[in-house]
Amino acid sequence: MIRNRIAALAATAVAASLLLTACNATDEAASAAKDGVGTALQSLHFDSGTAKQNHAPAKTGDWATAAGKPAATPAAKKWVQLSASRAGDLNPVVVNGAGFTLYRFDKDTANPSKSNCNDACATTWPPVVVAPGGKIFIDGVAKSDVGVVKRADGNLQVTVGGWPVYRFSKDLKPGDTNGQGVGGTWFGVTPDGQKAGAQDQGGTGGTGGTGTGTAASTSVVLSDETDFGDPSEGLAGSGCQNVARDDSASSLRASGTLKIWSEKNCKGESKVVQGDIADLASIGFDNKISSVFLG
């Protein structure tokens, strides 16, 4: 009996020792990963102002990627630029050194920072990656809001407010914001990491609003004729909604702001509108609405 009890106690002690060893190994691995990012962050150089103001060499960093032709495989740059700016209806929003809008992804996390956009996703949404020991030029963005996170491919991705940031492959020229609201998960990023244009600036909420400071409309009536004549079509709810009669609206009624798009699924040309518009030709959108973003 005593011998069995001693054996049981010994087995328990061994199991506890193995469990403690495993826990220590996990903690050490997590600590090493954290220290690796910390070391990488310490190796970076932060300079106030733009790349041009700091005399960055031409055809390097953010300037090296041709407009509308992001690399299929993200290439770490010797420098990147983060500037608080305005792009389309987004104000403020962060742009890179070439003036392209930068975005955040709702399926990522900010605390801890983690990117969940890899493989094909990273081709459509090229991550902003910087080489170890590289430079980050900050222009209107607080240094305390800027960091990096190690991606699954080993690259260091720049973060703003903890959120990994990206470009959008369908933004073909500086100032384009074609990625705003895509899939209800992609939004321009503000200088402090929030959703650009979102009514709710809480960091995880919001529905891709219009950034006008006016309440977003949750319904709209689209009329085929000017001055709200029939036939008409009503839409209500939140998020992106495709219209039934594509490219037929000539006027609309709404109680707040909404975003109208020239293509299905909130893609293509877009414009933020507020309240009733008796003639959509006055804003260059007659017979062009294919989808709307409400809420």
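Residues numbered from 1 in each chain as written. Predicted model: local features only at pLDDT ≥ 70, side-chain atom pairs only at ≥ 80, totals over all residues. Heavy atoms only, no water.

### Quick look at the sheet that holds strand S13 (residues 232-236)
Note the following rule: Should DSSP find at least two bridges between two strands, the strands are taken to pair. A run of H or I in DSSP becomes a helix once it reaches four residues, and a run of E becomes a strand once it reaches two; helices and strands are each numbered from the N terminus. Helix axes are fitted only over the stretch in contact, all axes being lines through C-alpha atoms; the angle between N-to-C directions runs from 0 to 180 degrees.
On the basis of which strands lie adjacent, the open sheet formed by three strands has the order S13-S12-S15 and antiparallel pairing. For this open sheet the edge positions go to S13 and strand S15 (251-254), each flanked by a neighbour on one side alone. Neighbour to neighbour, the strand axes of the sheet diverge by 15° on average, direction disregarded. For strand S12 (residues 219-223) and S13, the ladder comprises five bridges, and the chain directions are antiparallel. Within S13, the position partnered with leucine 222 by the bridge is glutamate 233.

### A look at the pattern of salt bridges
Pairing between side chains becomes possible if they bear opposite charge and their charged atoms approach one another. Rule in force here: The rule for a salt bridge is simple: a side-chain nitrogen of Lys or Arg has to be within 4 Å of a carboxyl oxygen of Asp or Glu. To sort residues, take the accessible area from a 1.4 Å probe on protein chains only and compare it with the maximum for the residue type: under 20% means buried, over 50% means exposed, and anything in between is partly exposed.
Counted by the stated rule, this structure contains eight salt bridges. The salt bridge involving aspartate 176 is made with lysine 173; its shortest N-O contact spans 2.9 Å. A relative accessible area of 12% places aspartate 176 in the buried class. Its salt-bridge partner being aspartate 276, residue arginine 253 comes within 3.0 Å of it at the nearest N-O pair. Placement of the pair is arginine 253 in strand S15 and aspartate 276 in the loop between strand S17 (267-274) and strand S18 (291-294), with a sequence separation of 23 residues. Salt bridges linked by common partners bring Arg104, Asp106 and Lys195 together as one network.

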